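Letter by letter, the chains look like this.
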Number of protein chains: 4
Amino acid sequence: MGNRFNQSGEPQSWRERAYEVIFEADTPAGKLFDVVLLIAILLSVVVVMFESVDSFRRKHGELLLKAEWLFTILFTIEYVMRILCARRPLRYIFSFYGIVDLLAIVPTYLTIVPVFTGVPSTQRLAVIRALRLLRAFRIFKLAHMLSEAKALKQAIWAARAKIAVFLSTVLIAIVLVGSAMHLIEGDRTDENGNSIATGFDSIPESMYWAVVTMTTVGYGDVSPTTAIGKTLAACMMMLGYCMIIVPTGIVSAELAQPTRKAITTQVCPECMAEGHDKDAIHCKFCGGKL
Amino acid sequence: MGNRFNQSGEPQSWRERAYEVIFEADTPAGKLFDVVLLIAILLSVVVVMFESVDSFRRKHGELLLKAEWLFTILFTIEYVMRILCARRPLRYIFSFYGIVDLLAIVPTYLTIVPVFTGVPSTQRLAVIRALRLLRAFRIFKLAHMLSEAKALKQAIWAARAKIAVFLSTVLIAIVLVGSAMHLIEGDRTDENGNSIATGFDSIPESMYWAVVTMTTVGYGDVSPTTAIGKTLAACMMMLGYCMIIVPTGIVSAELAQPTRKAITTQVCPECMAEGHDKDAIHCKFCGGKL
Amino acid sequence: MGNRFNQSGEPQSWRERAYEVIFEADTPAGKLFDVVLLIAILLSVVVVMFESVDSFRRKHGELLLKAEWLFTILFTIEYVMRILCARRPLRYIFSFYGIVDLLAIVPTYLTIVPVFTGVPSTQRLAVIRALRLLRAFRIFKLAHMLSEAKALKQAIWAARAKIAVFLSTVLIAIVLVGSAMHLIEGDRTDENGNSIATGFDSIPESMYWAVVTMTTVGYGDVSPTTAIGKTLAACMMMLGYCMIIVPTGIVSAELAQPTRKAITTQVCPECMAEGHDKDAIHCKFCGGKL
Amino acid sequence: MGNRFNQSGEPQSWRERAYEVIFEADTPAGKLFDVVLLIAILLSVVVVMFESVDSFRRKHGELLLKAEWLFTILFTIEYVMRILCARRPLRYIFSFYGIVDLLAIVPTYLTIVPVFTGVPSTQRLAVIRALRLLRAFRIFKLAHMLSEAKALKQAIWAARAKIAVFLSTVLIAIVLVGSAMHLIEGDRTDENGNSIATGFDSIPESMYWAVVTMTTVGYGDVSPTTAIGKTLAACMMMLGYCMIIVPTGIVSAELAQPTRKAITTQVCPECMAEGHDKDAIHCKFCGGKL
């Protein structure tokens, strides 16, 4: 489809040509477009990142603002083009990527809306910055370019039931251990009988600790102090450490599966040989028809 | 068995119908019951969790209390129904789920027993709250619904001897390294010769550190300070980091097993040899027909 | 060999009977002896552990001392019996278990040697306690009882070259990253120009940090503070996190190997069928001699 | 080639003999040279490491300096010899090992260059020390000696696309979660309304936290304090904990591959079909002889 004629033999309209460049990646122009877009997205993410650093914003604030608007306008043009040349514009707009494309340009425009500009409270501005960052989602398009992502997704999808069992078991363990630790470590009082914050003051807080511990992250902002608490924590760590085995094993086994060539149980009617591939038409030993 | 007649052709009694709904999940009513029960259990766990948050209890204490009693009464009715319609009531009562079902409702009733209500010490109340949380165990019934849990259990069960060897080796390593660290780091004194608490003051405490380190949790509440201690700790971390390989590998291999070449338990009628492939026609040792 | 006659048909001497009980585990008496010994070792380890807890030693010091001596005398009798009834006493004495058996009883006797008793410095006593703990090594005999340990050892042994490459790469990475971090984070000065201890004050200290980080332990007693240091640390964490793949994959592949039935490339001379097991004598399809 | 004659039958020149010793490892002299070199490199790395420890440098500074110069001169001689006897000297000089060999000796010579010696600022000296440490790179030659490293490299190389997808997904997750945490935890003020440093003060800082958390390192120098922040952190830990599955599974599957059914690159001369097993005699599609 790289030539200037469409499938019906007629010359391509500008919309058909634009569609090929923007949505497809199998023509040289399409490839170039995707690579340029990717670089632009990466740069715009870096700009947002630097804008969040106080010392940087004070020095190069204007430059960052200009870059921000440049990228926003570029992405706006791209977004409009996508709607114009898409075969089913509505379907694109409400697709995952369509929504992400929109959310990637909205935040910058929001900063000039009076409601948001008028109130200079840092907190509100922070929210706007948050929306801005959704632009990073665009990079997900990267995955599109690599067919390998599919094999991974399939392996995880095939193991979804096993993973669900695993995760629910882990969550129950976290609720139970978190509650137990809350009861063991929760009520500590100082010399005057006043209760001290231990980080195990409620079940949700204890569950946070349980997650931090079971995933072997272990910040140390909350850690047990009593002998029983330490013993329970040690048991839980051993459990958490060993538990990683299960999902690892599951996906390993799943990934090893598809690469194993399918062998039929068909026997060659002439030489009786077995072990033929599923796609075989002739016996690979005697050449007889299967 | 979804119709209103039992296996003997007679109309089902209410007990038989209730049994189907409560204990089985293959009729629409049974499925609905299980799903509703699951949601109720989840909600009741959330109620207990919120009740443990001080600020929440102060504001919505009464609401939480009412919800708590609502769920307790519902679960009590369910428990009584289970006993009434079970074919072998005693067997249900002393089964794992029977005991869990009972423990899930007892704590709430305990709060109105004078002995526990009269004494307003926080510690005692805490114990009652602990019993309450056992309700979370009910969720284990979830696993029932997923047949996948079985494959996992089998893989772990098949590897139980290997896992036992692994765990006992790890425990011995923890005792030995914990003791060594106690000797290296345990005796520290300040400028006046008074001993300082280092977190390595006894072997059990050092073992707690060893578990925290070997499982790569690493809170940092206890960490070595001497050069020798740090060196030993570094070696131990490397060991702990590599050790995860072993159980991972074991279960991976175990899970990959069933997909491999199936071997029958068939015995050759002529030479009594075993270990034939499922596709074998003749004995591979004597050539006799299988 | 469970009867009272030896292989030559003569009645067994007491030494032969004692040998069976102490060294072998296939007679009921031998099994009982091993189990009792195991429990005694576990209890003696627990005694040593409790003795290291200050508050416990003050209360039950005498009881612990008596238990300590009881176990020491029991193990001494066992050690003497082993030497007396071993077929090659010298070989036993200098075997791994012989040395461990001796080291397990020596420390307690050392406490009554004047040189050690006379000097009541805590440090010296600590050293004696250290030797005492070697008794825990005895538990390693456990592994003996489980034939599964062998499969694990073989898998690790088969992958030893790969593991060596992996470990040396990790060590080089630790030396390099440790040095780099020492240069980046090492020289920090306070407002008066005095250097501050950062935990990166020398290459060995930085390497300790690198190990703590790369193994994902992450105590937090030492952590980077500069932007460059944090960036390098982040890269290193990603590397360390991914690196666990390599040894895991190696041993997984190795463990999966032996269970895969060996298939020869031999072709049946009569039916030309392939895929015969290595131990096959006849073709499994036509029954012809291979 | 171990004898004193070269391939043309003529007696070997000293350059040819030196080449064999220095560059090859299959003659006894070559092997000895490699082992001695390895020990020298290890020792010189240890010397650099000890030199960085302040207390050590003060005591044994002179000894370390002498050792440093001894190794530098030895390595210089080795480097010159390599250039002299290499068949293509320029190719060696600009090869990876050639550059590393040069960088390993340069730093020591730099310390006597007036520009660097004259300025006794610790910072500058630190830079020189940094260059010195590149010597450690030499140890990479170790990997050369082990053919096993190749199998590992191949497995990782074969899985490169999958690993790239995985890593880019992780990076996007880190950017997104880091930004979200910056917005949630970034703006904290004390009682007087002044903003407090939380460790989430900019997106790059939050991303550092995200890496520390997702890789399960968890220093604890930065940790969330708000309820929403802790919830998000807990979710992220679960994700990070499970994510290790994916690369582990990929490389496991890749490493297990080579032991599976080998497929030739042979093309059927009649029907041009590909994908035949190594043991195939006839084309499995058209039956034609391969």
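What you see is a predicted model; the values in this text were computed from it and never measured. (Residues numbered from 1 in each chain as written. Chains lettered and ligands numbered in written order. Predicted model: local features only at pLDDT ≥ 70, side-chain atom pairs only at ≥ 80, totals over all residues. Heavy atoms only, no water.)

Moving on to the overall build of chain A. Counting secondary structure elements, chain A contains 13 helices and zero strands. The buried share of chain A, taken over its 290 residues, is 46%. As displayed, chain A offers around 14800 Å² of accessible surface, 67% of which is attributable to carbon and sulfur atoms. (Helix = DSSP H or I, 4+ residues; strand = E, 2+ residues; numbered from the N terminus. Buried < 20%, exposed > 50% of the residue type's maximum accessible area, 1.4 Å probe, protein only. Areas by Shrake-Rupley, 256 points an atom, 1.4 Å probe, with all protein chains shown as cover.)

What follows covers the environment of Ser195(C). All names here are of chain C. Looking at where Ser-195 falls in the secondary structure, it is placed in the loop between helix 10 (160-185) and helix 11 (203-214). Ser-195 gets classed as exposed once you look at its relative accessible area, which sits at 62%. Discounting chain neighbours no more than four positions away, the residues touching Ser-195 are Arg-188 and Thr-189. (Contact = heavy atoms within 4.5 Å.)

Leftover empty space is mapped by rolling, across the atoms, a probe with the size of a water molecule. Within this structure, the stated rule accounts for two cavities of 30 Å³ or more. Lining the largest cavity are 21 residues, with Ile244(A), Ile244(B), Thr216(C), Ile244(C) and Ile244(D) positioned closest to its centre. When grouped by side-chain class, the residues that make up the lining of the largest cavity number eight nonpolar, 13 polar and no charged. (1 Å grid on protein atoms, 1.4 Å probe; cavity = no way out; pocket = protein on both sides within 12 Å on 5 of 7 lines; lining within 4 Å. Points joined across faces, edges and corners; volume = space filled by probe spheres on them. Nonpolar A, V, L, I, M, F, W, Y, C, P; charged D, E, K, R; others polar.)

So, about the packing of helix 1 (residues 14-23) of chain C against helix 3 (residues 54-85) of chain C. All names here are of chain C. Close contact between helix 1 and helix 3 brings their axes to 9 Å; oriented N to C, the two are set at 125°. Compared by their axis directions, helix 1 and helix 3 come out oblique. Seen along the crossing, helix 1 lies across helix 3 with a hand that is left-handed. Taking contact as the criterion, the partners of Trp-14, Arg-15, Ala-18, Tyr-19, Ile-22 and Phe-23 in helix 1 are, on helix 3, Met-81, Arg-82, Leu-84 and Cys-85. Per-class residue counts for the contact of helix 1 with helix 3 are eight nonpolar, no polar and two charged. (Axes fitted to C-alpha atoms, helices over the stretch in contact; angles between N-to-C directions. Parallel < 35°, antiparallel > 145°, perpendicular 65-115°, else oblique. Left-handed = near helix turned anticlockwise from the far one by under 90°.)

Moving on: the nonpolar core. Formed by 178 residues in total, the largest nonpolar core has its most connected members in Trp209(A), Trp209(B), Trp209(C) and Trp209(D). Sequence-distant contacts of Trp209(D), defined by excluding residues within four places in its chain, comprise Tyr219(A), Val177(D), Met181(D), Phe200(D), Val222(D), Ser223(D), Pro224(D), Ala233(D) and Met236(D). (Core = buried A, V, L, I, M, F, W, Y, C linked by side-chain atoms within 4.5 Å.)

Another point: the side chain of Glu185(A). Residues and elements named next belong to chain A. With respect to the helices and strands, Glu-185 occurs in helix 10 (residues 160-185). Look at Glu-185 and you get buried, because its relative accessible area is 2%. From its side chain, Glu-185 meets the backbone nitrogen of Thr-225 in a polar contact 3.0 Å long. Engagement of the side chain of Glu-185 in a polar contact is seen with the side chain of Thr-226, the distance being 2.6 Å. The residues touching Glu-185, leaving out its near neighbours within four places in the chain, are Thr-198, Phe-200, Pro-224, Thr-225, Thr-226, Gly-229 and Lys-230. (Polar contact = N/O pair within 3.5 Å; in protein donor to acceptor, adjacent residues only side chain to side chain.)

The next thing to look at is the environment of Thr76(A). Residues and elements named next belong to chain A. When you line up the elements, Thr-76 lands in helix 3 (residues 54-85). On the basis of relative accessibility, which here comes to 19%, the residue Thr-76 falls in the buried class. Every residue in contact with Thr-76, bar those within four places of it in the chain, is listed here: Ile-105 and Tyr-109. Here the side chain of Thr-76 touches Thr-72 through a polar contact of 2.5 Å, landing on its backbone oxygen.

All told, the structure shown has eight salt bridges over all chains when counted by the stated rule. In this structure, Asp54(A) engages Arg58(A) in a salt bridge whose closest nitrogen and oxygen atoms are separated by 3.6 Å. One end of the pair is Asp54(A) and the other is Arg58(A), both in helix 3 and four residues apart, which spans about a single turn. A residue is classified by how much of its surface remains accessible, and Asp54(A), at 41% relative accessible area, is partly exposed. For Arg82(B), the salt bridge identified is with Glu78(B), shortest N-O distance 2.6 Å. Taken together, the residues Arg82(B) and Glu78(B), both in helix 3 (residues 54-85) and four residues apart, mark about one turn of the helix. Across the pair, exposure class does not vary: Arg82(B) and Glu78(B) are buried alike. (Salt bridge = Lys/Arg side-chain N within 4 Å of Asp/Glu carboxyl O.)

It is worth spelling out the side chain of Ser223(D) at this point. When you line up the elements, Ser223(D) lands in the loop between helix 11 (203-214) and helix 12 (227-243). A distance of 3.3 Å separates polar atoms of two side chains, one belonging to Ser223(D) and the other to Asp221(A). Residue contacts for Ser223(D): discarding those within four places in its chain leaves Tyr219(A), Asp221(A), Phe200(D) and Trp209(D).

Bringing helix 5 (residues 96-110) of chain B into the picture now. An α-helix turns once per 3.6 residues; consequently, residues spaced three or four apart project the same way. End to end, helix 5 of chain B covers 21 Å across 15 residues, agreeing with the expected 21 Å (1.5 Å per residue, within 8%). Residues Gly98(B), Val100(B), Asp101(B), Ala104(B), Ile105(B), Pro107(B) and Thr108(B) constitute the buried set of helix 5 of chain B. (Expected span 1.5 Å × (residues − 1).)

Another aspect to go through is the packing of aromatic side chains. Taken as a whole, this structure holds 16 aromatic pairs over all chains when the rule is applied. The ring of Tyr19(A) carries the charged tip of Arg87(A) above its face, separated from the ring centre by 4.1 Å. (Phe/Tyr/Trp six-rings, centres within 6.5 Å; stacked < 30°, edge-to-face > 60°. Lys NZ or Arg CZ within 6 Å of the ring centre and 35° of its normal.)

Moving on to unusual backbone geometry. Backbone geometry places Thr216(B), a non-glycine residue, at a positive phi of 60°. Structurally, Thr216(B) is set in the loop between helix 11 (203-214) and helix 12 (227-243).

Residue and element names in this part refer to chain A. A surface patch of nonpolar side chains, about 560 Å² in accessible area, is lined by Leu-70, Ile-73, Leu-74, Ile-77, Tyr-109 and Ile-112. Element by element, the count of residues in the nonpolar patch is highest for helix 3, at four residues. For Ile-77, the location among the structural elements is in helix 3. (Patch = residues over 30% accessible without salt bridge, like charges linked within 9 Å, V, L, I, M, F, W, Y side chains within 5 Å.)

With that settled, the discussion passes to the confidence of the model for chain A. All names here are of chain A. The pLDDT averaged across chain A works out to 72; a share of 66% of its residues lies at or above 70. The spread of mean pLDDT over the elements of chain A runs between helix 7 (residues 122-133), the lowest at 45, and helix 11 (residues 203-214), the highest at 89. A low-confidence stretch, residues 118-132 stays under pLDDT 50, and its non-local contacts, those more than four residues away or across chains, total 24 contacts. Here residues 135-145 scores under 50 on pLDDT; set against residues more than four positions off or in separate chains, the count is 37 contacts. Our summary of model confidence lists the complex with pTM equal to 0.77 and ipTM equal to 0.74. (pLDDT = per-residue confidence, 0-100.)

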